[in-house]
There are 2 protein chains.
Amino acid sequence: MENDLNHFLALMSQRGLNTTKQRVNIAKIFFCMQGHHSLEEICQEVRKTYPGIGQTTVYRTIKLMCEVGLAEELHVGENFARYEVCIGKQHHDHLVCTACGKTIEFHLPEIEKYQKEIAEKNGFTLLDHRHILLGICEKCRAKHREKT
Amino acid sequence: MENDLNHFLALMSQRGLNTTKQRVNIAKIFFCMQGHHSLEEICQEVRKTYPGIGQTTVYRTIKLMCEVGLAEELHVGENFARYEVCIGKQHHDHLVCTACGKTIEFHLPEIEKYQKEIAEKNGFTLLDHRHILLGICEKCRAKHREKT
DNA sequence: CTTTTTGCAAAGACTTTGCAGAGAT
DNA sequence: ATCTCTGCAAAGTCTTTGCAAAAAG
């Protein structure tokens, strides 16, 4: 964890960006968060420990992390972005419930062969965590049946 | 095309919804649009032929089409939704360039086996056009190299 | 004539930007 | 001392909602 923080700060330095309290504190919290979170959620989590950090700063810092490759932005059928730490994580893909947002990460080597095939045929370079499968989870399906 | 329109109107009737000029005209235009379009784009296209249709009405009509299964909402790494007609289209998936939004549709039976496997294991029911592969297309990669 | 629909304007949700004061090197 | 960063408030997008006038059945 300490390492990740230093790595982040090093990447900032490389770009001529300063080490600030806020950036350090946001990184400390964000790097410990599991899963895929909205900026609102990240903000709240940061403020539990470090109140008084501005929302704008959190926005800007997470964007920075995306640029240097320590975080990834994910759009999973919602009108807002979610962010995920991607340090020391194996390549993985996402199965997302479009009803409740529940997300399951999976890794299936067999499927990658076909993904690469498709991408190459079309001249695309695939991104990491690049595969999003949309569905309805069991709970939401049950709820939907109740209504009908 | 005429058939699709009637199908749409029939589905509206089933729900006790009226047949209106606007709904008919929006359907006429939208059903002819290929690809994945923002509501802004759909609106503009509709107004080329039928000026004076309100944006709100287009929004509401496209939402309706999604509810009855004639259209699908797609979020592909942008902060807004795109819509696609899904009448008479074979099941397909999407390869999307996160830099320029270019989308390629593909259908690969082999990959579906694995998608189903993952979904079942996690209690998910998959949606149609459910697979989104993110990447960078050739053009955008070239542009990026220029900069660096 | 009743009920639904339209389309404007206003409000909402998420995100970005402008800028003056605070902070980092 | 200089240049960057913060955080508020304001502006910008995309989308939804309220409501009075218009249209449908």
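What counts, and where the lines are drawn
Residues numbered from 1 in each chain as written. Chains lettered and ligands numbered in written order. Predicted model: local features only at pLDDT ≥ 70, side-chain atom pairs only at ≥ 80, totals over all residues. Heavy atoms only, no water. UniProt positions renumbered as here; feature names shortened; annotations may be inferred. Salt bridge = Lys/Arg side-chain N within 4 Å of Asp/Glu carboxyl O. Buried < 20%, exposed > 50% of the residue type's maximum accessible area, 1.4 Å probe, protein only. Helix = DSSP H or I, 4+ residues; strand = E, 2+ residues; numbered from the N terminus. Near = heavy atom within 4 Å. Polar contact = N/O pair within 3.5 Å; in protein donor to acceptor, adjacent residues only side chain to side chain. Nonpolar A, V, L, I, M, F, W, Y, C, P; charged D, E, K, R; others polar. Contact = heavy atoms within 4.5 Å. Buried area = accessible area lost by both parts, 1.4 Å probe. Axes fitted to C-alpha atoms, helices over the stretch in contact; angles between N-to-C directions. Parallel < 35°, antiparallel > 145°, perpendicular 65-115°, else oblique. Left-handed = near helix turned anticlockwise from the far one by under 90°.

Chain A appears in an unreviewed UniProt entry as Ferric uptake regulation protein from Taurinivorans muris. Recorded in UniProt under Subcellular location (unreviewed entry), the annotation for chain A is "Cytoplasm". What UniProt records for chain A under Sequence similarities (unreviewed entry) is the sentence "Belongs to the Fur family."

*Asks:* Mind laying out the pattern of salt bridges, listing which residues take part and the relevant values?
*Replies:* Using the criterion set out here, one finds twelve salt bridges over all chains in the structure. When the shortest N-O distance is used, the salt bridge between Glu78(A) and Arg82(A) registers 2.9 Å. With relative accessibility at 12%, the residue Arg82(A) sits in the buried group. Lys48(B) is the partner of Glu45(B) in a salt bridge, and the nearest nitrogen-oxygen pair spans 3.3 Å. You can see Glu45(B) and its partner Lys48(B) sitting in helix α3 (residues 39-49), three residues apart, about one turn around the helix. Here the salt bridges do not stand alone but share partners, grouping Glu41(A), Glu78(A) and Arg82(A) into one network.

*Asks:* A description of the protein's contact with DNA strand C should follow, citing residues and the corresponding values.
*Replies:* Around DNA strand C, a shell composed of 21 residues is seen, among which Thr20(B), Gln22(B), Arg23(B), Thr57(B) and Arg60(B) lie nearest. Here, DNA strand C places atoms within 4 Å of the protein, and 72% of those atoms are sugar or phosphate. A distance of 3.0 Å separates a phosphate oxygen of DNA strand C from a polar atom in the backbone of Asn18(B). One of the backbone N or O atoms of Gly54(B) is found 3.0 Å from a phosphate oxygen in DNA strand C. When residues of the surface near DNA strand C are traced back to their parent elements, those giving at least two are α4 (55-67) of chain A together with α2 (21-30) and α4 (55-67) of chain B. Here the residues of the surface near DNA strand C are counted per class, giving five nonpolar, twelve polar and four charged.

*Asks:* Run through the protein's contact with DNA strand D, naming residues and quoting values.
*Replies:* Around DNA strand D, 21 residues are found, and the nearest of them are Thr20(A), Arg23(A), Thr57(A), Arg60(A) and Ala81(B). Counting only the atoms of DNA strand D that lie within 4 Å of the protein, the sugar and phosphate share comes to 74%. Between DNA strand D and Asn18(A) there is a distance of 3.0 Å, counted from a phosphate oxygen to a backbone nitrogen or oxygen. Here a base nitrogen of DNA strand D sits 2.5 Å away from a polar atom, N or O, in the side chain of Arg60(A). Of all the secondary structure elements, the ones that give two or more residues to the surface near DNA strand D are α2 (21-30) and α4 of chain A together with α4 of chain B. It is α4(B) that provides the largest number of residues to the surface near DNA strand D, a total of four residues. Taken together, the residues of the surface near DNA strand D break down into five nonpolar, 13 polar and three charged.

*Asks:* So what's going on with the interface of chain A and chain B? Residues and values would help.
*Replies:* Taken together, the 36 residues of chain A in the interface contact 36 residues of chain B. When chain A packs against chain B, the two sides together hide about 3300 Å² of surface, and 70% of this comes from carbon and sulfur. Summed over the shared surface of chain A and chain B, the result is zero salt bridges. Taken together, the connections running from chain A to chain B amount to eleven residue pairs in polar contact (both at pLDDT 80 or more). If you list the elements that add at least two residues to the side of chain A that touches chain B, you get β3 (93-97), β4 (103-106), α5 (109-121), β5 (125-136) and α6 (138-147) of chain A. Per element, the largest residue contribution to the side of chain A that touches chain B is ten residues, and it comes from β5(A). Broken down by class, the residue content of the side of chain A that touches chain B amounts to 19 nonpolar, ten polar and seven charged.

*Asks:* Describe in detail the packing of α3(B) against α4(B), supporting the description with residues and values.
*Replies:* Two numbers describe a pair of packed helices, the interaxial angle and the distance between the axes. All names here are of chain B. Their axes nearest at 10 Å, the elements α3 and α4 cross at an angle of 115°. Regarding the angle of α3 to α4, the classification is roughly perpendicular. Here α3 and α4 pass one another in a crossing that is right-handed. In this structure, α3 contributes Leu39, Ile42, Cys43 and Arg47 to the contact, and α4 contributes Gln55, Val58, Tyr59 and Ile62. Per-class residue counts for the contact of α3 with α4 are six nonpolar, one polar and one charged.

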